[in-house]
Amino acid sequence: MSVQSSDRNLSRKQRLQEKQRRQLAVVDTVDKAEAKARKAEVELAGAVAEAVQVFGDEQAASEGLDMPVDAIRRFLGMAQDAAADAGDGSGPS
């Protein structure tokens, strides 16, 4: 007597539905992780902007944070964009 896998007992339609369910679950997980990453990046941008104020300028902040000046400028741009989005009331789209 041989044992068949449960996949063999499922119809093609059921296998396809299960595959689609798993794919959608993975897409949902990735979407949530991306949203968390964007939020964290915006928070980091705010912290970098504050560091520039505390250190006095981009170069001093770069040295104090051990972060390239280009990265400092990119985060400053993000912080300005986030402040503009918050200021116009529309929020991120």
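Details of the structure are given in the entry above.
Remember, it's a predicted structure, so these values are computed and weren't measured experimentally. (Residues numbered from 1 in each chain as written. Predicted model: local features only at pLDDT ≥ 70, side-chain atom pairs only at ≥ 80, totals over all residues. Heavy atoms only, no water.)

### Here's the deal with the overall build of the protein chain
Working step 1: Counting its secondary structure elements, the protein chain contains 4 helices and 0 strands.
Working step 2: Each helix and strand of the protein chain, placed in order from N terminus to C terminus, yields the pattern α-α-α-α.
Working step 3: Relative to its 93 residues, the protein chain shows a buried fraction of 15%.
Working step 4: When the accessible surface of the protein chain is totalled, it reaches about 7,500 Å², and 53% of it is carbon and sulfur. (Helix = DSSP H or I, 4+ residues; strand = E, 2+ residues; numbered from the N terminus. Buried < 20%, exposed > 50% of the residue type's maximum accessible area, 1.4 Å probe, protein only. Areas by Shrake-Rupley, 256 points an atom, 1.4 Å probe, with all protein chains shown as cover.)

### Quick look at helix α2 (residues 12-55)
Working step 1: Relative to the 64 Å expected for 44 residues at 1.5 Å per residue, α2 spans 63 Å between its end C-alpha atoms, a close match to the ideal helical length.
Working step 2: Of the positions making up α2, those classed as buried are A45, V48, A51 and V52. (Expected span 1.5 Å × (residues − 1).)

### Quick notes on the nonpolar core
Working step 1: The biggest cluster of nonpolar side chains holds 11 residues, and these are A45, V48, V52, A61, M67, A71, I72, F75, L76, M78 and A79.
Working step 2: Elements with a contribution of two residues or more to this core: α2 and α4 (69-88).
Working step 3: The greatest single-element share of this core, amounting to 6 residues, is contributed by α4.
Working step 4: Among residues more than four places away in sequence, those in contact with V48 are M67, I72 and F75. (Core = buried A, V, L, I, M, F, W, Y, C linked by side-chain atoms within 4.5 Å. Contact = heavy atoms within 4.5 Å.)

### Points about the environment of F55
Working step 1: In this structure, F55 sits in helix α2.
Working step 2: Along the primary structure F55 and L65 are separated by 10 residues, whereas in three dimensions their C-alpha atoms are 9.6 Å apart.

### Remarks on the pattern of salt bridges
Any two side chains of opposite charge can pair, given that their charged atoms come close.
Working step 1: Within this structure, the stated rule accounts for 5 salt bridges.
Working step 2: Across the pair E18 and R21 runs a salt bridge, and its minimum N-O distance is 2.6 Å. Remark: R21 and E18 occur in helix α2; sequence separation between them is 3 residues, near one turn of the helix.
Working step 3: A salt bridge links E18 to R22; the nearest nitrogen and oxygen atoms lie 3.9 Å apart. In this pair, E18 and R22 are both assigned in helix α2, 4 residues apart and thus about one turn of the helix distant.
Working step 4: Look at E18 and you get partly exposed, because its relative accessible area is 30%.
Working step 5: By relative accessible area, R22 is classed as partly exposed at 46%.
Working step 6: One network of salt bridges, with partners in common, ties together E18, R21 and R22. (Salt bridge = Lys/Arg side-chain N within 4 Å of Asp/Glu carboxyl O.)

### What to know about helix α3 (residues 58-65)
Working step 1: Two to three positions downstream of the cap, the backbone nitrogen of Q59 sits 3.3 Å from a side-chain oxygen, assigning the N-cap of α3 to D57.
Working step 2: One or two positions beyond α3, positive phi appears at D66, with a value near 55°. (Polar contact = N/O pair within 3.5 Å; in protein donor to acceptor, adjacent residues only side chain to side chain.)

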